[in-house]
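Summary of the model geometry
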Amino acid sequence: MIKIIDTYPQIESLFTNKQFNFEEWELYINSLYDQSTHIFVDDLKECLDSGSYVYERDVLPIINAVYEHPCLAILHSSFCKVTNNLNQKVVDRFGRELNIDIVLYVGLCNAAGWVTNINGRDVILLGIEKILELDWCDEDSMRGLIYHELGHVYHKQYGILDQQGTNSCEDFVWQLFTEGIAMYFEQFLVNDFHYYHQNKDGWLHWCDHHFNQILKDFQNDLPTMTKFNQRYFGDWVSYNGKGDVGYYLGTKFVQQISNNYDFEQLINLPINTVYREYLSFAKQKL
């Protein structure tokens, strides 16, 4: 069963004189999931340790902006509309229930959408501060964000999501595949295989027009790609000025191999098969 946890009424208590109060935030997080603050703090610390971000400059202003943000009520309304009767929508489309919490919360700029496991329970964490920063407050953006994360959960609960390759090339192709699966899940849920929640300001047209170059660059980047130099996944990176290009490429990859596998087979493919299918896909397209 999908459980909805909406912390919107608690937001004001996280700020003292309109400034983020970390101690109050710790109490708030632990009231949701006991002894869980380290999950968020450790994730932030890993990011800060990379040297690319400074807490006072890059994180704290984004969190402080939540207080009295003009789009906060719009964000909350969109969340309520998208999650209404969501469990039944998934059952109607896929024939299976997902056991998951969907949590609307204020985080430490961890992510707009983050799938993890807390105290043995799968959760989708929707970071209000990041959603506001990215201006993903409208209903369509919220739908894409939640549906995408549900796709990852479906892959985990009914397929084999957590796999590691024998080298970094296989691992990044696996990331391409899993993001493509989540995007494909979105499209399946809305019954529109041309749907991309990122499609604003000509994004899809640009990606379609540059498909061959995106694939070529991804292929060329693979041997030296790392978590910190990759330019395809995450709202903090861009490829030639465009975001989420890896999600587009992953969707094209999954759509291509879906000619040979149904969705239930796709989510159970082993990583070595996925890598082999990717090499065939790249060879065919380039």
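Because the structure is predicted, anything quoted here is derived from the model rather than measured.

**Section: the pattern of salt bridges**
- Throughout the structure, instances matching the rule amount to 12 salt bridges.
- For D49, the salt bridge identified is with K45, shortest N-O distance 2.9 Å. One end of the pair is D49 and the other is K45, both in helix α2 (residues 37–49) and 4 residues apart, which spans about a single turn.
- Given the relative accessible area of 48%, K45 is considered partly exposed.
- R143 is the partner of D140 in a salt bridge, and the nearest nitrogen-oxygen pair spans 3.5 Å. One end of the pair is D140 and the other is R143, both in helix α7 (residues 139–158) and 3 residues apart, which spans about a single turn.
- You can call D140 partly exposed: its relative accessible area is 30%.
- If you follow the salt bridges from partner to partner, you end up with E139, D140 and R143 in one network.

**Structural notes on the packing of aromatic side chains**
- Going through the model one piece at a time under the given rule, you end up with 33 aromatic pairs.
- Relative to F185, the ring of F94 lies with its centre 4.4 Å away and its plane at 5 degrees, an arrangement referred to as stacked. Remark: F185 occurs in helix α8 (residues 168–190) and F94 occurs in helix α5 (residues 86–94); sequence separation between them is 91 residues.
- When the centroid spacing of 5.3 Å and the interplanar angle of 40 degrees are considered together, the rings of Y184 and F193 count as tilted.
- For Y184, a relative accessible area of 11% puts it in the buried group.
- Here R93 stacks its cationic end above the ring of F188, 4.4 Å away from the centre of that ring.

**Some details on the pairing of strand β4 (residues 100–105)**
- For β4, the buried fraction is high: 6 of the 6 residues fall into the buried class.
- Side chains I100, I102 and L104 of β4 all project onto a buried face; the interleaved residues D101, V103 and Y105 project onto the opposite face, where all are buried too.
- Taken together, the 5 bridges between β4 and strand β6 (residues 121–127) define a ladder with parallel strand orientation. Bridge pairing links Y105 to G127 in β6.

**Details of the state of the cysteines**
- One pass over the structure, following the stated rule, counts 0 disulfides.
- You can see C71 has no disulfide; the closest cysteine sulfur is in C137, sitting 4.9 Å from it.
- With a relative accessible area of 22%, C71 lands in the partly exposed category.
- There is no disulfide at C109, and the cysteine sulfur nearest it, in C47, is 9.1 Å away.
- Look at C109 and you get buried, because its relative accessible area is 17%.

**Concerning the confidence of the model for the protein**
- The predicted model of the protein averages 94 in pLDDT, with 100% of residues at 70 or higher.
- By mean pLDDT, strand β5 (residues 113–118) is the weakest element of the protein at 90, and helix α4 (residues 72–83) is the strongest at 98.

**Overview of helix α11 (residues 245–257)**
- The end-to-end C-alpha separation of α11 is 19 Å, in line with the 18 Å expected for 13 residues at 1.5 Å each.
- The element α11 is largely enclosed, with a buried count of 11 among its 13 residues.
- The complete set of buried residues in α11 reads V245, G246, Y247, Y248, L249, G250, T251, F253, V254, Q255 and I257.
- Contact partners of the buried residues in α11: α7, α8, α9 (203–209), α10 (211–221), α12 (263–266) and α13 (271–285).

Basis of the calculations
Residues numbered from 1 in each chain as written. Predicted model: local features only at pLDDT ≥ 70, side-chain atom pairs only at ≥ 80, totals over all residues. Heavy atoms only, no water. Salt bridge = Lys/Arg side-chain N within 4 Å of Asp/Glu carboxyl O. Helix = DSSP H or I, 4+ residues; strand = E, 2+ residues; numbered from the N terminus. Buried < 20%, exposed > 50% of the residue type's maximum accessible area, 1.4 Å probe, protein only. Phe/Tyr/Trp six-rings, centres within 6.5 Å; stacked < 30°, edge-to-face > 60°. Lys NZ or Arg CZ within 6 Å of the ring centre and 35° of its normal. Pairing = 2+ DSSP bridges. Disulfide = S-S within 2.5 Å. pLDDT = per-residue confidence, 0-100. Expected span 1.5 Å × (residues − 1). Contact = heavy atoms within 4.5 Å.

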